[in-house]
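# Structural overview for review
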Amino acid sequence: MQESWDEERFTLVGECAVALGTFGKDARPALPTIIQYLDKTSEPTTNMNVQSCAVDCAMALARMGKEAQVAMPVLTKAAQSTNQAISLIANQVLKNLPK
């Protein structure tokens, strides 16, 4: 039962991250939570809900532009993930993050 709740939570967090990303830099108050979930979900896993959450969080950070620079340590960690999708997205975000 707990695993099912966690899967639903990660799906919901990912969907919220996508929505928040549309606000760009105005979503700054949500940065700590998005960073926390990216950090939590960038570990190797076969759970698609967790993987999707990580990708959604990274994409939201990408849309926040310069504001997301505080996430660089977590994005760097995600870029080194053995999960190819998470690693690819995190590397792209890092590459395109405004300096």
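Further up the page is the structure itself.
What you see is a predicted model; the values in this text were computed from it and never measured. (Residues numbered from 1 in each chain as written. Predicted model: local features only at pLDDT ≥ 70, side-chain atom pairs only at ≥ 80, totals over all residues. Heavy atoms only, no water.)

### What about the overall build of the protein?
When helices and strands are tallied, the protein shows five helices and zero strands. Order of helices (α) and strands (β) in the protein, N terminus to C terminus: α-α-α-α-α. Across its three principal axes, the protein shows a C-alpha extent of roughly 40 × 25 × 15 Å. The buried share of the protein, reckoned over its 99 residues, is 42%. (Helix = DSSP H or I, 4+ residues; strand = E, 2+ residues; numbered from the N terminus. Buried < 20%, exposed > 50% of the residue type's maximum accessible area, 1.4 Å probe, protein only.)

### What to know about the packing of aromatic side chains
Scanning the model with the defined rule gives one aromatic pair in all. Relative to tyrosine 37, the ring of phenylalanine 10 lies with its centre 6.0 Å away and its plane at 75°, an arrangement referred to as edge-to-face. With phenylalanine 10 in helix H1 (residues 2-21) and tyrosine 37 in helix H2 (residues 31-41), the pair connects residues that are 27 residues apart, well separated along the chain. The burial state of phenylalanine 10 is the same as that of tyrosine 37; both residues are buried. Here arginine 9 stacks its cationic end above the ring of phenylalanine 10, 5.0 Å away from the centre of that ring. When the ring centre of tyrosine 37 is taken as reference, the NZ or CZ atom of lysine 40 above it lies at 4.8 Å. (Phe/Tyr/Trp six-rings, centres within 6.5 Å; stacked < 30°, edge-to-face > 60°. Lys NZ or Arg CZ within 6 Å of the ring centre and 35° of its normal.)

### Some words on the packing of helix H4 (residues 72-79) against helix H5 (residues 84-96)
Angle between the axes and distance between the axes are the two parameters that describe a pair of packed helices. It is at 7 Å that the axes of H4 and H5 come closest, and there the two elements cross at 140°. Viewed along their axes, H4 and H5 adopt a mutual orientation that is oblique. Of the two elements, H4 crosses H5, and the hand of that crossing is left-handed. Mapping the contact onto sequence places Met72, Leu75, Thr76, Ala78 and Ala79 in H4 and Ile86, Ser87, Ala90, Asn91, Val93 and Leu94 in H5. (Axes fitted to C-alpha atoms, helices over the stretch in contact; angles between N-to-C directions. Parallel < 35°, antiparallel > 145°, perpendicular 65-115°, else oblique. Left-handed = near helix turned anticlockwise from the far one by under 90°. Contact = heavy atoms within 4.5 Å.)

### Brief notes about H5
The terminal C-alpha atoms of H5 lie 18 Å apart, and with 13 residues this matches the ideal 18 Å at 1.5 Å per residue to within 8%. Along H5, the residues that are buried comprise Ile86, Ser87, Ile89, Ala90, Val93 and Leu94. Looking at the buried positions of H5, the neighbouring elements they touch are H2, helix H3 (48-63) and H4. Among the residues of H5, the N-terminal cap falls to asparagine 83, whose side-chain oxygen and the backbone nitrogen of alanine 85 are separated by 3.1 Å. (Expected span 1.5 Å × (residues − 1). Polar contact = N/O pair within 3.5 Å; in protein donor to acceptor, adjacent residues only side chain to side chain.)

### Quick word on the nonpolar core
It is characteristic of soluble globular proteins that their nonpolar side chains tend to be buried jointly. Ranked by size, the top nonpolar core spans 30 residues in total, and within it Ile34, Leu38, Cys57, Leu61 and Leu75 carry the most contacts. Every element with two or more residues in this core is listed here: H1, H2, H3, H4 and H5. Considering every element that reaches this core, the biggest residue donor is H3, with seven residues. (Core = buried A, V, L, I, M, F, W, Y, C linked by side-chain atoms within 4.5 Å.)

Read these as geometric descriptors, not functional statements.
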